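# Breakdown of the fold
The primary structure of each chain is shown beneath.
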Amino acid sequence: MEFIVLDHAEAIAQKAADAIEELLASKPNAVLGTATGSSPLPLYDELAARCAAGRISFAGVTGFMLDEYVGLPEGHPERYATFMERNLRSRVDMRPGALHGPDALAEDLEAACAAYEEQMRAAGYCDLQILGIGTDGHIGFNEPGGPLDSRTHVGVLAEQTRRDNARFFDGDVDAVPTHCLTQGLATIMEARKLVLIATGRNKAEAIAQLIEGEVSADWPATVMQRHSDALVLVDPEAASLLSR
Ligand code: F6R
């Protein structure tokens, strides 16, 4: 893993955008994995700016979201499909319909997971996967205790994650869905490159485990230690519990 501490979120966004710009220069029809949540927002701002300036184009890009909440209706502002449309797809020249997510509105959620995994497999999985990390060490919505070799599945959100995400639901933890569909850890690991972004003191324990801990289902992101091309970008607060 390559691990870089940068002074602030904008510098992290630039570094992550550089990796995406480099990918798109060599492969305009790349497959990009996208994350939701607050961590990648400065990156999406930077990608929109570079696209507006003509530096990069997403016209040939196919996107795959990491995860989706179960139980939020079509068009709900916190549905991850809505989030990605608002924060990235509509701000760049990516074709409508080119950014896919698991179908959490399906009647048969297990079948929807299998279909999403197959869609990703058929696309050759992601060239580059953008990741955030939960305070409990989740990536995607792979919560502690799950298998390290999982594929796209129905997940149960940890109480900690629901408390963390209540800030997107007017502070009401009961409004945060209990279930999700998420790429599994093995699905995420299929990506040729992983770029993880973490900012803030509340990510420090998860980052210390990711960088200095053993690979363990207790801290799911640690599986990234087994990836051959993983880049971890953090600010000084997120790096503050590293001992070395
Ligand atoms: C989002 C996702 C999650 C978030 C993580 C951090 O699609 O899969 O793993 O990346 O919960 O969220 P933020 O960035 O809001 O702290």
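Look a little higher up for the structure.
Here's what I pulled together on the structure shown here. (Residues numbered from 1 in each chain as written. Predicted model: local features only at pLDDT ≥ 70, side-chain atom pairs only at ≥ 80, totals over all residues. Heavy atoms only, no water.)

### Description of the overall build of the protein
Within the protein, the secondary structure is distributed over seven helices and ten strands. Against the 2.2 N^0.38 benchmark of 18 Å for 244 residues, the protein shows a C-alpha radius of gyration of 17 Å, consistent with a compact globule. By principal-axis analysis of the C-alpha atoms, the protein measures approximately 45 × 40 × 35 Å. When each of the 244 residues of the protein is scored for burial, the buried share is 53%. Taking the intrachain contacts of the protein between residues at least 6 apart in sequence as the baseline, contacts between residues at least 24 apart amount to 79%. As presented, the protein carries roughly 10,300 Å² of accessible surface, and 49% of it is formed by carbon and sulfur atoms. Counting 20 positive and 37 negative side-chain charges, the protein places the averaged centre of each group 5 Å from the other. (Helix = DSSP H or I, 4+ residues; strand = E, 2+ residues; numbered from the N terminus. Rg over C-alpha atoms; globule rule 2.2 N^0.38 Å. Buried < 20%, exposed > 50% of the residue type's maximum accessible area, 1.4 Å probe, protein only. Contact = heavy atoms within 4.5 Å. Areas by Shrake-Rupley, 256 points an atom, 1.4 Å probe, with all protein chains shown as cover. Lys, Arg positive; Asp, Glu negative; His and termini not counted. Charge placed at Lys NZ, Arg CZ, Asp CG, Glu CD.)

### Quick notes on the pairing of strand 3 (residues 62-65)
Direction of pairing for strand 2 (residues 31-34) relative to strand 3: parallel, over a ladder of four bridges. Bridged to Val 31 within strand 3 is Thr 62. Once you follow strand 2 into helix 2 (residues 41-52) and on to strand 3, the crossover reads as right-handed. Relative to strand 5 (residues 99-100), strand 3 is paired through two bridges, and the arrangement is parallel. The residue of strand 5 that forms the bridge with Gly 63 is Leu 99. (Pairing = 2+ DSSP bridges. Right-handed = clockwise from strand over helix to strand, strands pointing away.)

### Observations concerning helix 3 (residues 80-87)
Buried residues of helix 3: Tyr 80, Phe 83, Met 84 and Asn 87, and no others. Down the axis, helix 3 shows its buried residues gathered within 95 degrees of arc, on one side only. Where helix 3 is buried, its residues meet strand 2, helix 2, strand 3, strand 4 (67-69), strand 5 and helix 5 (159-165). (Arc of directions from axis to C-beta.)

### Focus: the site of the ligand
Residues in close proximity to the ligand total 16 residues, the closest being Thr 36, Ser 39, Asp 67, His 138 and Lys 203. Note that an oxygen atom of the ligand is positioned 2.7 Å from one of the backbone N or O atoms of Gly 140. Surface burial for the ligand is 95%, taken as the share of its 410 Å² of free accessible area covered by protein chains. Each residue belonging to the shell around the ligand can be placed in one class, and the counts come to five nonpolar, eight polar and three charged. (Near = heavy atom within 4 Å. Polar contact = N/O pair within 3.5 Å; in protein donor to acceptor, adjacent residues only side chain to side chain. Nonpolar A, V, L, I, M, F, W, Y, C, P; charged D, E, K, R; others polar.)

### Notes on the pattern of salt bridges
Evaluated as defined, the whole model comprises 15 salt bridges. Put simply, Glu 74 and Arg 79 hold a salt bridge, and the shortest N to O gap is 3.6 Å. For Arg 79, a relative accessible area of 8% puts it in the buried group. Glu 118 is paired through a salt bridge with Arg 121; the nearest N and O atoms lie 2.8 Å apart. Residue Glu 118 and its partner Arg 121 are located together in helix 4 (residues 109-122), separated by three residues, close to a single helical turn. You can call Arg 121 partly exposed: its relative accessible area is 46%. Connected through salt bridges with shared partners, the residues Asp 18, Glu 21, Glu 46, Arg 50 and Arg 55 form a single ionic network. (Salt bridge = Lys/Arg side-chain N within 4 Å of Asp/Glu carboxyl O.)

### Overview of helix 1 (residues 9-26)
The terminal C-alpha atoms of helix 1, which comprises 18 residues, lie 26 Å apart, in line with the 26 Å expected from a rise of 1.5 Å per residue. Along helix 1, the residues that are buried comprise Ile 12, Ala 13, Ala 16, Ala 17, Ala 19, Ile 20, Leu 23 and Leu 24. With its buried residues spanning 150 degrees around the axis, helix 1 presents them on a single face. Exposed residues pointing more than 90 degrees away from the buried face of helix 1 are listed as Glu 22, Ala 25 and Ser 26. At its buried positions, helix 1 is contacted by strand 2, helix 2, strand 6 (128-131), strand 9 (193-198) and strand 10 (230-234). (Expected span 1.5 Å × (residues − 1).)

### Things to note about the sheet that holds strand 1 (residues 2-5)
The strand order 1-10-9-6-2-3-5 describes an open sheet built from seven strands, whose pairing is parallel. In the strand order of this sheet, the two ends are held by strand 1 and strand 5, each with one partner. Pairing between strand 6 and strand 9: four bridges, direction parallel. The residue bridging Ile 130 from the neighbouring strand is Val 195, located in strand 9. The strands touched by helix 7 (residues 204-212) are strand 1, strand 9 and strand 10; relative to strand 10, the strand with the most contacts, the crossing angle is about 150 degrees. (Axes fitted to C-alpha atoms, helices over the stretch in contact; angles between N-to-C directions.)

### Topic: the sheet that holds strand 8 (residues 179-182)
Ordered in space as 4-8-7, the three strands form an open sheet in which the pairing is antiparallel. The sheet is open, and its two edges are formed by strand 4 and strand 7 (153-156), each paired on a single side. Shown here is a sheet whose adjacent strand axes are inclined to one another by a mean of 30 degrees, direction ignored. With four bridges joining them, strand 7 and strand 8 adopt antiparallel strand pairing. Within the sheet, the bridge partner assigned to His 153 lies in strand 8 and is Thr 182. Sitting on the sheet, helix 4 touches strand 7 and strand 8, and the angle it makes with strand 7 is about 120 degrees.

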